[in-house]
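Close look at the chain arrangement
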Amino acid sequence: MTSCSPGGTPDLMFLLSRASHALMAEHARGLGELGISPRAHCVLLRARPGDLTQRQLGELCGIDKTTMVVTLDQLEAAGLARRLPSPSDRRARLVEVTPEGERVLGRAQEIAARIQQEVLAALPEADRAVLLRSIESLVSGRLAGAGPCGPPDRPGC
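First things first, this report covers the structure right here in the doc. (Residues numbered from 1 in each chain as written. Predicted model: local features only at pLDDT ≥ 70, side-chain atom pairs only at ≥ 80, totals over all residues. Heavy atoms only, no water.)

1. So, the environment of L31
To be explicit about the condition: The helix count covers DSSP runs of H or I at least four residues long, the strand count covers runs of E at least two residues long, and both are numbered beginning at the N terminus. Any two residues whose heavy atoms approach within 4.5 Å are treated as being in contact.
By secondary structure assignment, the location of L31 is in helix α1 (residues 12–32). In sequence terms L31 and V104 are 73 residues apart; their C-alpha atoms lie 9.6 Å from each other. Those residues in contact with L31 that lie beyond four places of it in its chain are I36, S37, P38, H41, A108 and I111.

2. Details of the pattern of salt bridges
Put simply, the rule is: For this analysis, a salt bridge means a side-chain nitrogen from Lys or Arg found within 4 Å of a carboxyl oxygen belonging to Asp or Glu. Burial classes follow relative accessibility: with a 1.4 Å probe on protein chains only, a residue under 20% of its type's maximum area counts as buried, one over 50% as exposed, and anything between as partly exposed.
Counting across every chain of the model gives eight salt bridges. We note a salt bridge from E102 to R48, for which the minimum N-O separation is 3.1 Å. In this pair, E102 sits in helix α5 (residues 99–120) while R48 sits in the loop between α2 (38–47) and α3 (54–61), placing the two residues 54 residues apart along the sequence. A residue is classified by how much of its surface remains accessible, and E102, at 30% relative accessible area, is partly exposed. Here the residues in one salt-bridge network are D73, E76 and R83, joined through shared partners.

3. Considering the nonpolar core
The nonpolar side chains of soluble globular proteins are, as a tendency, buried together. In plain terms, the rule: To define a nonpolar core, start from buried Ala, Val, Leu, Ile, Met, Phe, Trp, Tyr and Cys residues and group those joined through side-chain atoms within 4.5 Å.
Counting residues in each nonpolar core, the largest one holds 25 residues, and the members touching the most others are L34, I36, V43, L44, L57 and L75. Of all the secondary structure elements, the ones that give two or more residues to this core are α2, α3, α4 (65–77), β2 (93–97) and α5. Here L57 is in contact with V43, R46, A47, L52, M68 and V95, once residues within four sequence places are set aside.

Written as structure tokens, this is what we have:
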């Protein structure tokens with residue numbers, strides 16, 4: 001099922017939205033096996049280096065302040081992450097992934113890679129790299145800016 005734009009060509013917004021929704025639902029189902037959400041996966045992945053505050057992580061993952069606090073509370077309760085005082089700003093907290101969080105993150109990355117591989121396998125091999133390169137060009141160029149991947153000078157995706 002596709003929707004057409006007024007010119008009769010496929011509707012890019014509709015197609016990307018539908019693809020994004022389907023991928024996110026599949027990602028959520030896969031991560032459900034680990035007891036985490038796609039949002040928690042993003043936070044763990046971006047927090048891995050250990051040098052970002054919860055505010056910076058929220059910006060990179062496209063999560064508002066309140067939701068970020070709830071997500072970090074859940075990650076801490078599960079023993080997957082912890083907040084530490086920032087040495088440079090007493091008001092800020094750095095987020096650190098725990099050893100258990102690293103284990104879960106490794107499994108989450110395997111799930112995400114499997115889903116990507118399965119989705120791309122539905123395309124002819126020659127089209128796979130072209131699709132990824134094209135989408136990457138759009139999100140780092142014309143569609144760059146405010147969004148879940150953060151500013152172009154510090155991409156989060």
